[in-house]
Amino acid sequence: MSELKPGLPERLEAVRIQLAAALREAGRKEDAARLIAVSKTFPVSACEAAWNLGVRDFGENYVQEGVEKIRHFKAVHPDDPGVWHFIGPLQSNKTKLVAEHFDWMHSLDRLKVAKRLSEQRPAAMPPLNVLIEVNVDGEASKSGVAPDEVAELAVEIVRLPGLKLRGLMTIPAKREDEEEKHRPFRELRTLFERLQTAIPDLDTLSMGMSADMTEAVSEGATMVRVGSAIFGPRDYPNK
Ligand SMILES: *Cc1c(COP(=O)(O)O)cnc(C)c1O
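Reading the values: rules and limits
Residues numbered from 1 in each chain as written. Predicted model: local features only at pLDDT ≥ 70, side-chain atom pairs only at ≥ 80, totals over all residues. Heavy atoms only, no water. Near = heavy atom within 4 Å. Polar contact = N/O pair within 3.5 Å; in protein donor to acceptor, adjacent residues only side chain to side chain. Areas by Shrake-Rupley, 256 points an atom, 1.4 Å probe, with all protein chains shown as cover. Nonpolar A, V, L, I, M, F, W, Y, C, P; charged D, E, K, R; others polar. Phe/Tyr/Trp six-rings, centres within 6.5 Å; stacked < 30°, edge-to-face > 60°. Helix = DSSP H or I, 4+ residues; strand = E, 2+ residues; numbered from the N terminus. Buried < 20%, exposed > 50% of the residue type's maximum accessible area, 1.4 Å probe, protein only. Pairing = 2+ DSSP bridges. Salt bridge = Lys/Arg side-chain N within 4 Å of Asp/Glu carboxyl O. Expected span 1.5 Å × (residues − 1). Arc of directions from axis to C-beta. Core = buried A, V, L, I, M, F, W, Y, C linked by side-chain atoms within 4.5 Å. Contact = heavy atoms within 4.5 Å.

(A) Local environment of the site of the ligand. With respect to spatial proximity, 13 residues lie near the ligand, and among them Lys 40, Ser 210, Gly 227, Ser 228 and Arg 234 are the closest. Within the side chain of Asn 61, a nitrogen or oxygen atom sits 2.9 Å from an oxygen atom of the ligand. A distance of 2.5 Å separates an oxygen atom of the ligand from a polar atom in the side chain of Ser 210. Look at the ligand: alone it shows 390 Å² of surface, and the protein chains cover 89% of it. When grouped by side-chain class, the residues that make up the shell around the ligand number 6 nonpolar, 4 polar and 3 charged.

Have a look at this one:
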C-alpha cells in the first residue's frame, strides 16, 4: 500500500483548477471532462478522504483491491457509493469480479474478455460501460488494440447485451516535449470521430494522466485519469 501524505485537499484543488483552466483554454464547457481519481495502491481511507472532498469517480488497476474498496463504499455510503472505473490490464480469469462490481471498464482490448464480461454482468445491474484501449504508439510491450483493428472489435462489442460501448481509451508512451504530447491524443480523437459515424452514441474519450492531462483535454478528452497529482507518489508501481 502507498501512504497518503498530508496535503490531499491542496493537491486535489490544484488538479481541479488545472482541469478547469485546460477546458477554458480549449473553449470547452466547464463540465466537458470528468476527473477520475486513480486511487490504486492507496488504502480505502485515502478514497474516503477524497470522497469527503467531493470525489465520486475512482480508478483502480488491481481487481481484488478495487473490489474491496467498492464493497466498503457500498456498505458505508449505500446511497452514493461513487462510480468505479477499472483501468488496468485484465486477465480473462478475473473478469467476473469486474463484471459484478465495477461501473466502467477502460482497458478492453480482446473479444474473449468482452464476451466473458457480458456473460458475467448480473442481469440486475445496468450494462457495464466499456472503452476499447488503443495502442496508438504501436509499442510492442503495451496492451491495447492497434488503431486499424478498433472498428472490427467495436462492431463485435456493440452486439454484446451486458456491455455498453462508450468510446476509446489510451495510455501513450511518455514524452517530454509538449507539442509531442498532443500527437497520440489527436490520433485517438480522429479514430474516435471516425468510429462515431458508424456508432453514433459513442461519447467518451478517456485520455490524459497527471503528466499530460492538459494536452489530452485540449485534444478532446472527456475523462482524465489522474493519480499521483491527487494522491501523491505511489510507494510501489506494481504488485
Ligand atoms: C496509474 C494510472 C493512471 C494514473 O497515473 P498518474 O501518472 O499517477 O496520474 C492513469 N491511467 C492508468 C491506466 C493507470 O494505470
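Further notes follow.
(B) Broad picture of the packing of aromatic side chains. For the structure shown, the criterion picks out 5 aromatic pairs. A centroid spacing of 5.6 Å and a plane angle of 45 degrees characterise the contact between Phe 58 and Phe 73, whose relative ring orientation is tilted. One end of the pair, Phe 58, is in strand E2 (residues 57–60); the other, Phe 73, is in helix H3 (residues 63–76), with 15 residues separating them in the sequence. Taken as a pair, Phe 58 and Phe 73 share a single burial class, namely buried. Ring geometry for Phe 58 versus Trp 84: centroids 4.7 Å apart, planes at 20 degrees, classification stacked. Placement of Phe 58 in strand E2 and of Trp 84 in strand E3 (residues 83–86) is noted, with a sequence separation of 26 residues between them.

(C) A look at the pairing of strand E8 (residues 223–226). Going residue by residue along E8, you find Met 223 and Arg 225 tucked away on one face and Val 224 and Val 226 tucked away on the opposite face as well. When strand E1 (residues 34–38) meets E8, the two strands line up parallel, connected through 4 bridges. Directly across from Ile 36, in E8, lies its bridge partner Arg 225.

(D) How the structure looks around the pattern of salt bridges. Counting across every chain of the model gives 16 salt bridges. For Lys 69, the salt bridge identified is with Glu 65, shortest N-O distance 2.8 Å. Placement of both Lys 69 and Glu 65 in helix H3 is noted, with a separation of 4 residues, approximately one turn of the helix. Note that Glu 180 is salt-bridged to Arg 183, the shortest N-O span being 2.9 Å. Here Glu 180 and its partner Arg 183 are both found in helix H7 (residues 178–198), 3 residues apart, which amounts to about one turn of the helix. Among the residues examined, Glu 180 registers a relative accessible area of 32% and is labelled partly exposed. Each of Asp 137, Arg 175, Glu 180, Arg 183 and Glu 187 takes part in salt bridges that share partners, so that together they form one network.

(E) Region of the structure containing helix H1 (residues 8–25). Here H1 spans 26 Å end to end across 18 residues, near enough to the 26 Å set by a 1.5 Å rise per residue. Among the residues making up H1, those that are buried are Leu 8, Arg 11, Leu 12, Val 15, Leu 19, Ala 22 and Leu 23. Buried positions in H1, seen along its axis, are confined to an arc of 110 degrees and lie on one side of it. The exposed residues of H1 that point more than 90 degrees off its buried face are Glu 10, Ile 17, Arg 24 and Glu 25.

(F) Just the nonpolar core, in detail. The biggest cluster of nonpolar side chains holds 62 residues, and the ones touching the most others in it are Leu 108, Leu 117, Ile 132, Ile 157, Leu 163, Leu 168 and Ile 230. Looking at this core element by element, the count peaks at 6 residues for H1. Excluding residues within four positions of it along the chain, Ile 132 makes contact with His 106, Leu 108, Val 145, Val 150, Leu 153, Ala 154, Ile 157, Leu 165, Gly 167, Leu 168 and Met 169.

(G) Examining H3 more closely. Its 14 residues give H3 an end-to-end C-alpha distance of 20 Å, which sits within 8% of 20 Å, the value for a rise of 1.5 Å per residue. Val 63, Glu 65, Gly 66, Val 67, Lys 69, Ile 70 and Phe 73 are the residues of H3 that are buried. Buried positions along H3 lie against helix H2 (44–52), E2, E3 and helix H4 (95–101).

(H) Broad picture of unusual backbone geometry. With a phi close to 75 degrees, Thr 41 is a non-glycine residue in the positive phi region. Positionally, Thr 41 belongs in the loop between E1 and H2.

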